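Structure at a glance
Chain by chain, the residues run as shown.
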Amino acid sequence: MKSRSYLFFIPTGIFAVILLYLVYWNVYNSFTNSSSFHTTATFVGLATYATVFRDPVFLSSMRISLIWAFSLIFFGNLIGILLAAFLFNVASDKIRLIFTTIFIYPLAISAAASAVIWTWLFNTNDGVNTILRAIGLPPYSWLDRPSSILPSMILISLWVYSGLSMIFYLASFQNVNRESIESARIDGASPLRVLVRILMPEAKNAFIVSTALLFLFALRIFSLPFVSTGLNPFTETAVLNMYFYYITEFFANSSVVSVVLVIIASIVVVPYALYGLKRWITHD
Amino acid sequence: MVKIEFRKVGKAFGKKNRKKDVISDMSFEVSHGDMYGIIGASGAGKTTVLRMIAGLEEPTSGSILFDNKVVAENGRILVPAEERNIGMVFQNWALYPHMSNFENIAFPLRAKRVPNDKIREKVEYLANLLDITETLRRRPGLISGGQQQRVAVCRALSKDPSLLLLDEPFSNLDATIKDSARSLVRTVQSELGITAIIVSHDPADIFALASNTLCITGGKSGQAGKTSDLYHAPNSIDVARSIGEINLLRATVEVRNGRDAAVLGEENILPVTLSQAARSSLDSGDRSLIVGIRPEDIRIVEDSQEQVDARRWLAAGNATVKISSYSAGIFRILLRLHGVETDLATTSEHFLPPGQEVSMFFRKDDVKLFDNSGYNLAATPAAAAVPHQA
Amino acid sequence: MTRFRLVSSITAGRLYTIGKYAVLVFIALIWLLPVYSMVINSLKTAAGVLTTPVLQPSGISFHALKVVAAAMERPIFNSFVVVLPVAVISTFVGGMAAYYLYRVQSYFNDVMFTVVAIATFIPYQITLVPLTRMLAQMGIFNTYQGLIFAFLIFYLPTGALLMSIFLAVLPKRTIEAARIDGAGDWLIYRKIVWPLVIPGSISTFMFIVVESWNNFFIPLILTSTPQMRTTSVAVLYYSGGFGTLYNESFAAALMSSILPLIIIVVLGRYFIKGFLALGTGSKG
Ligand SMILES: Nc1ncnc2c1ncn2[C@@H]1O[C@H](COP(=O)(O)OP(=O)(O)OP(=O)(O)O)[C@@H](O)[C@H]1O
Ligand SMILES: [Mg+2]
């Protein structure tokens, strides 16, 4: 029977292989010159890679994606730690759950809907600027000026993903031995000191995990800029949109973009799967 | 009923670069209808052997046979666990927590697609036999440890297995119900007449149940045979220790009054007879050996006037009582010998005050002599040693 | 003197508590802005839209909701048709794969596990071209089957990954006992594994329902007619721009998020557990 249990993996295996095939297709295509001008593609080695890597629009979108990813990682972790620290100190489980739900719900709303909502909230005349004006602050250009699009997008993605970081930190704080926290409190340590000296050193895993996931989610951000600013590679937007931009004509170029993205993602996913997840699931 | 045979079985865990040999070169046989014991220290490899019998683990080398038919060999399982028709009682019973006790016991029958009325009949018969009828509708989490163990036994027996495996089945039970659990298993096994193998590190389980026993020492077959032979004539110190308590004392062999004698510490002299071969091996090297004596083979005499039958007892000199403790109608005594670091454990029918001087006698036929590597000098034919005839 | 100190330290503690909740509530309010604006704005009349900014309520009218509901009826139906089978299959069949990976450990399975993780985390958008071609070749482009098939490529591995994590808590002995009892894999999976991992499979199921409900990209590229659009895609057509009144945008956003919002409010724990499992392998 043991020899037949692989049957259980076959359906999932088939779909996983299909996925590998889709990735393989891109890898293959990236070595050709396939485009609307070359309908019969020929093998051109790394020539297409060279073209794409010299394309200033690609380079700028790459830069933007990285800025986006690192901002999300930096501020996402920061907000996550802050929120987790506050929630950790909430005495009632019920209230904690309510706040947790509030901070996590953006993850459950579709990025398309979020984009629609925030596009209106960031409307220069009718959106949050009305509040800013009311309390005497200068209005912000949000999505109106190319230079402010990226910061606005980063803010929206922080609204979406900070809660994710928060739950990992909260979970790791809750694993810290209660007694060591209480004894520190009795010794007169301030809550900030408890956070820095006792809680954070135990939160290494939360940091790794939230960083890895924020990075991976940042790479996949597509609908947010797509819905709110449209396909707009010449202003401020992310790498994935480049894939879209190339697709209409330069097929091989789009495959190059996808290969680059898969490689970047795999650098994070593979060690995470083999050393993180695998270890968590195999101890008996 | 089935006969089981291990032929030069080896088992290693881990991947190539970090391989760990757990069992090596192990051969033994369990005959039809036998109640067979496997004993050994913690980590010796008992569970691993049992799991190989069950088909949950494959032997890395060698072969395992059921009724002369190979079921696993050289890293391959030929007959998987679910087809070996085995009943097994796990150390923690591994009951299905989400099923009622009835369903737990019925599960092996459901796997065999036995009709419902037959299942009911069988479960009720077994539950009655083991006296758990009232608990059948509850879940395992809601009954006592002893009841859980009986549910586990019922589950193991419900499909009429040809082999029953028990891995430390009593270790999680209160001392007070251990004995009744043991006798229950014994009754059931002899009533059904199936081959059974019980693994335990507790000699009490083995003596209560097993007529033949394999003692595993460090992954090897230390000794296999009648349980009483393992106890009285152990091959090695490891075997002697696994199957019961034994006092071990370092001694040097010297010639006293023209005879060989083992000198224990400064004052205690025990006459011994060494075979020619043993003596010559001692002559060539250092003259030390290890004397093993079980607690019940030591007799304490307080009154120097008391007569002791010299045909059966050897005088072993004097000792001081270190402490007396009490258990089940018997006083347990620790004796201290002059110049000997290890204390000697024995028993007495009455209390002895600490500090009292006593004389000590060893039962002549049960003094064991081991060489420095721990092998019984009597058990190796080339170097047979028998205690001195007074 | 001592008494005075004591009193002042109590007030400091109380101030701290008040401050803590003030900050929490403030951040929570920012987080809730989109929900607030969805509710007030989808209830606005056309006149209200023209006279009030986005954050200011004005009257209650169900007109916009009714109009949008009529248009969204079909997409919501489509979403259910696609999402439910995807979530059920991903959980149950993914669970089977998880059971296999739990039972049999080998180098090959480490590789498969990594593939499963990659499928869960890569920017799936990059498979657009080969995926579209594949579906077209199979004749299921712009069909329910096509959408389900495409979703399964990504969510079946997600299901397998999550279920692997939840399965890891099963005691190996229990499964071995079942094998000794003569049960085959199928019986063990249905009668032992499945009942014991029900909380984990609810988490997996909820997680995949929410994620696939919100998936915007796959239905965007794999459907070509309005009849086949799913909810998240339909929202795009209310994203603003020419002549759209924002009450309809918000009504559409509300309609597409109502299911995930209900899930998160009622079954938030399970959803959070899904994310925690994905990140840290924590099963509790
Ligand atoms: N799956 C495994 N992988 C690696 N090593 C193992 C595995 N199972 C057992 N071992 C090792 O094999 C040795 C023997 O283990 P085993 O469980 O058979 O001992 P045991 O005699 O049953 O001990 P105990 O009395 O403690 O139950 C131990 O050192 C153990 O660490
Ligand atoms: Mg064991």
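The sections below set out a description of the structure shown in this document. (Residues numbered from 1 in each chain as written. Chains lettered and ligands numbered in written order. Predicted model: local features only at pLDDT ≥ 70, side-chain atom pairs only at ≥ 80, totals over all residues. Heavy atoms only, no water.)

1. A look at the interface of chain C and chain A
- At the interface, 101 residues of chain C touch 91 residues of chain A.
- Taking both partners together, chain C and chain A bury about 8700 Å²; carbon and sulfur atoms supply 80% of that area.
- Counting every contact that joins chain C to chain A gives zero salt bridges.
- On the surface where chain C and chain A come into contact, there are 14 residue pairs in polar contact (both at pLDDT 80 or more).
- In terms of residue count, helix α12 (residues 246–280) of chain C provides more of the side of chain C that touches chain A than any other element does, 18 residues in total.
- Residues that form the side of chain C that touches chain A fall into these classes: 72 nonpolar, 20 polar and nine charged. (Contact = heavy atoms within 4.5 Å. Buried area = accessible area lost by both parts, 1.4 Å probe. Salt bridge = Lys/Arg side-chain N within 4 Å of Asp/Glu carboxyl O. Polar contact = N/O pair within 3.5 Å; in protein donor to acceptor, adjacent residues only side chain to side chain. Helix = DSSP H or I, 4+ residues; strand = E, 2+ residues; numbered from the N terminus. Nonpolar A, V, L, I, M, F, W, Y, C, P; charged D, E, K, R; others polar.)

2. Things to note about the interface of chain C and chain B
- Tallying the contact residues gives 16 residues for chain C and 22 residues for chain B.
- Between chain C and chain B, the buried area comes to about 1800 Å², and carbon and sulfur atoms account for 63% of it.
- Across the contact surface, chain C and chain B share three salt bridges.
- Salt-bridge contacts for Glu82(B) lead to Arg179(C); the nearest nitrogen and oxygen are separated by 3.2 Å.
- At the surface where chain C touches chain B, the tally comes to seven residue pairs in polar contact (both at pLDDT 80 or more).
- Put simply, the parts of the chain that give the side of chain C that touches chain B at least two residues each are α7 (172–180) and α8 (185–196) of chain C.
- Broken down by element, the side of chain C that touches chain B gets its largest block of residues, seven residues, from α7(C).
- Looking at the side of chain C that touches chain B residue by residue, the class counts come to nine nonpolar, two polar and five charged.

3. Quick notes on the packing of aromatic side chains
- This structure, assessed with the given rule, holds 42 aromatic pairs over all chains.
- Ring centres 5.9 Å apart and planes at 45 degrees place the aromatic pair Phe53(A) and Phe58(A) in the tilted group.
- Positioned above the aromatic ring of Trp313(B), the side-chain terminus of Arg299(B) is 5.6 Å from the ring centre.
- Directly above the aromatic system of Tyr237(C) lies the positively charged group of Arg229(C), at a separation of 3.9 Å from the ring centroid. (Phe/Tyr/Trp six-rings, centres within 6.5 Å; stacked < 30°, edge-to-face > 60°. Lys NZ or Arg CZ within 6 Å of the ring centre and 35° of its normal.)

4. Details of the side chain of Lys44(C)
Residues and elements named next belong to chain C.
- Residue position: Lys44 is located in the loop between α1 (2–42) and α2 (46–51).
- Only 3.2 Å separates the side chain of Lys44 from the side chain of Thr52, close enough to count as a polar contact.
- Within polar-contact distance, the side chain of Lys44 engages the side chain of Tyr246 at 2.9 Å.

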